[in-house]
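As a plain string of letters, each chain reads:
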Amino acid sequence: MKRDLFIPLLVLIAVTLGCSTIRDLASKGSRPSSSNSNTGTSNSSGSKSSTTVSADPKQDIINASTKFIELPFFSAKMEGTGGSDLHMQIDYAAPDKYRILYLAGTAAGMETIIIGKQMYMKAGGKWIKTSGNGDTIPNLRDSFTEEGLKTMKDVKFDGEDNVDGKAALIYSYKNVTPKGDFPFTSKIWIGKETGLPMKIEVNYENGTLKQMNVAYDTETPVTIEPPIN
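These remarks concern the structure in this document.

Cut-offs and rules
- Residues numbered from 1 in each chain as written.
- Predicted model: local features only at pLDDT ≥ 70, side-chain atom pairs only at ≥ 80, totals over all residues.
- Heavy atoms only, no water.
- Helix = DSSP H or I, 4+ residues; strand = E, 2+ residues; numbered from the N terminus.
- Buried < 20%, exposed > 50% of the residue type's maximum accessible area, 1.4 Å probe, protein only.
- Contact = heavy atoms within 4.5 Å.
- Areas by Shrake-Rupley, 256 points an atom, 1.4 Å probe, with all protein chains shown as cover.
- Phe/Tyr/Trp six-rings, centres within 6.5 Å; stacked < 30°, edge-to-face > 60°.
- Salt bridge = Lys/Arg side-chain N within 4 Å of Asp/Glu carboxyl O.
- Polar contact = N/O pair within 3.5 Å; in protein donor to acceptor, adjacent residues only side chain to side chain.
- Pairing = 2+ DSSP bridges.
- Axes fitted to C-alpha atoms, helices over the stretch in contact; angles between N-to-C directions.
- Core = buried A, V, L, I, M, F, W, Y, C linked by side-chain atoms within 4.5 Å.

## Looking at the overall build of the chain
Here is step 1: For the chain, the count of helices and strands is three helices and 11 strands.
Here is step 2: The linear arrangement of helices and strands in the chain, starting from the amino end, is α-α-β-β-β-β-β-β-α-β-β-β-β-β.
Here is step 3: Buried residues in the chain amount to 46% of all 229 residues.
Here is step 4: When contacts within the chain are restricted to residue pairs at least 6 apart in sequence, those whose partners lie at least 24 apart make up 51%.
Here is step 5: Accessible surface computed for the chain: about 11,100 Å², of which carbon and sulfur atoms make up 50%.

## Topic: the packing of aromatic side chains
Here is step 1: Applying the stated criterion across every chain yields a total of six aromatic pairs.
Here is step 2: A connected cluster of aromatic rings, assembled from ring pairs, spans F68, F74, Y92, Y98 and Y216.

## What to know about the pattern of salt bridges
Here is step 1: Evaluated as defined, the whole model comprises six salt bridges.
Here is step 2: Within this structure, D91, R99 and E111 form a network of salt bridges that share partners.

## Details of the side chain of D91
Here is step 1: Relative to the elements of secondary structure, D91 occurs in strand β2 (residues 86-93).
Here is step 2: For D91, a relative accessible area of 5% corresponds to the buried category.
Here is step 3: Here the side chain of D91 touches S75 through a polar contact of 2.7 Å, side chain to side chain.
Here is step 4: Among the polar contacts listed, one links the side chain of D91 to the side chain of R99, at a separation of 2.9 Å.
Here is step 5: Those residues within four positions of D91 in sequence are excluded, and the remaining contacts are F74, S75, K97, Y98, R99, L101, V222 and I224.

## A word on the sheet that holds strand β8 (residues 166-176)
Here is step 1: Pairing within the open sheet is antiparallel, and its 11 strands lie in the order β6-β5-β4-β3-β2-β1-β11-β10-β9-β8-β7. Only two strands of the sheet have a single partner each, and these edge strands are β6 (126-131) and β7 (153-163). Within this sheet the neighbouring strands show an average axis-to-axis angle of 15°, counted without direction.
Here is step 2: Pairing of strand β9 (residues 183-191) with strand β10 (residues 197-204) involves seven bridges; the strand directions are antiparallel. Bridging from a neighbouring strand, I190 pairs with P197 of β10.

## A closer look at the nonpolar core
Here is step 1: With 32 residues, the main nonpolar core has I61, Y173, I188, M212 and V214 as its most contacted residues.
Here is step 2: Of all hydrophobic cores here, the second largest spans seven residues; its members include I113, I115, Y120 and V222.

## A word on unusual backbone geometry
Here is step 1: The omega torsion across A94 and P95 is 0°, close enough to zero to call that bond cis.
Here is step 2: You can see P95 is positioned in the loop between β2 and β3 (97-102).
Here is step 3: A positive phi angle is found at D154, which is not glycine, with a value near 50°.
Here is step 4: Within the secondary structure, D154 is located in strand β7.
Here is step 5: You can call D154 partly exposed: its relative accessible area is 41%.
Here is step 6: One non-glycine residue, D164, adopts positive backbone phi at about 55°.

## Let's talk about the pairing of strand β4 (residues 111-115)
Here is step 1: In terms of burial, β4 is largely enclosed, as five of its five residues are buried.
Here is step 2: Burial along β4 is two-sided: the face carrying E111, I113 and I115 and the face carrying T112 and I114 are both buried.
Here is step 3: Relative to β4, β3 runs antiparallel, the two being bridged by five bridges. For K97, the partnering residue across the bridge sits in β4 and is I115.

Read these as geometric descriptors, not functional statements.
Encoded structure:
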């Protein structure tokens with residue numbers, strides 16, 4: 001799998017690669033006050049408070065990332081265009097389980113399951129077991145390490161929208177990949193009710209991948225187990 005294919009997932013892969021820098025950034029950065037914090041936390045009655053825009057849009061994105069890495073599961077559908085189109089779904093279950101489904105194109109029907117350092121690949125209706133390593137999932141954590149976030153610039157709040165009928169806040173920014181220095185522009189939709197990423201659109205200035213759209217599902221439970229032929 002190409003490393004640049006996973007760049008727009010942002011913190012999605014950072015969850016299980018041991019990257020604690022998002023939490024570090026959240027604690028080191030200037031957190032907004034409780035009156036305007038972009039947190040979407042629950043109050044004492046159990047109802048969710050509304051996520052609001054702070055005076056620091058970059059910190060809003062960091063806050064959403066911090067919440068995201070605490071999730072026990074999520075799914076992400078990826079649609080990419082460029083040299084070859086990409087149509088994938090990635091499911092995650094804590095602490096170290098992934099399922100990668102190829103939804104269309106030449107790889108349609110292929111499936112990969114990663115559990116810790118063990119990897120299972122399905123092709124032609126049969127599963128093959130193989131040993132993985134720390135690089136099985138591309139090094140996306142670089143994009144949201146402290147060094148990666150330093151290069152984020154022109155971060156702006158771009159208004160409000162609806163994603164599948166749910167209210168969202170839109171932010172835009174520019175950045176470069178920590179490795180390879182591939183510049184890209186991005187928009188992220190953060191749920192007003194949850195404070196979590198809902199959707200991301202990324203446009204790359206060079207390379208074979210030109211655009212990537214990622215839609216997150218943070219509500220549907222995910223279960224991933226070793227396959228049985």
